[in-house]
Amino acid sequence: QVQLVESGGGLVQAGGSLRLSCAASGRTFSSYAMGWFRQAPGKEREIVAAISRTGGSTYADSVKGRFTISRDNAQNTVYLQMNSLKPEDTAVYYCAAVEGPGRPTRQTSYDYWGQGTQVTVSS
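Residues numbered from 1 in each chain as written. Predicted model: local features only at pLDDT ≥ 70, side-chain atom pairs only at ≥ 80, totals over all residues. Heavy atoms only, no water.

Chemist: Help me get a handle on the packing of aromatic side chains, residues and values and all.
Modeler: Considering all chains together, one arrives at four aromatic pairs under this definition. A centroid spacing of 6.2 Å and a plane angle of 65° characterise the contact between Tyr32 and Tyr112, whose relative ring orientation is edge-to-face. Within this pair, whereas Tyr32 is found in strand β4 (residues 32-39), its partner Tyr112 is found in strand β10 (residues 112-113), the two being separated by 80 residues in sequence. On the accessibility criterion, Tyr32 (3% relative accessible area) is buried. When its relative accessible area of 18% is taken as the criterion, Tyr112 is described as buried. By way of ring pairs, the aromatic residues Phe37, Tyr110 and Trp113 are connected into one cluster. In this structure, Arg45 packs its charged tip against the face of Tyr94, placed 3.9 Å from the ring centre. A cation sits over an aromatic face here: Arg45 above Trp113, 4.8 Å from the ring centre. (Phe/Tyr/Trp six-rings, centres within 6.5 Å; stacked < 30°, edge-to-face > 60°. Helix = DSSP H or I, 4+ residues; strand = E, 2+ residues; numbered from the N terminus. Buried < 20%, exposed > 50% of the residue type's maximum accessible area, 1.4 Å probe, protein only. Lys NZ or Arg CZ within 6 Å of the ring centre and 35° of its normal.)

Limitation: the analysis is restricted to geometry and does not speak to function.
Shown next as structure tokens:
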């Protein structure tokens, strides 16, 4: 069992930055691929970024060049650095984990989820 707790969300103006954190507990963090997803009101949850056990990453086209996913296995934490934020980035952001290789981008690939953190970008 893995417990995930997100933090770092908030209200920011367009063009600003936020860094989300996801702290994991319960199992060997380094064995898990991690993902960040988001869900805006009235929309389906979508992948934002994913990172493998060894640090390889992948991004949604909408955030490439603006967001960076990283992990600190010693701290059992995955981060999402979000720069040049846009109003369309407004959503609840979720952290997810699955044990194994690769960096999955499908929700159904993940076994564990955090409770989410709200990010609101004002224009």
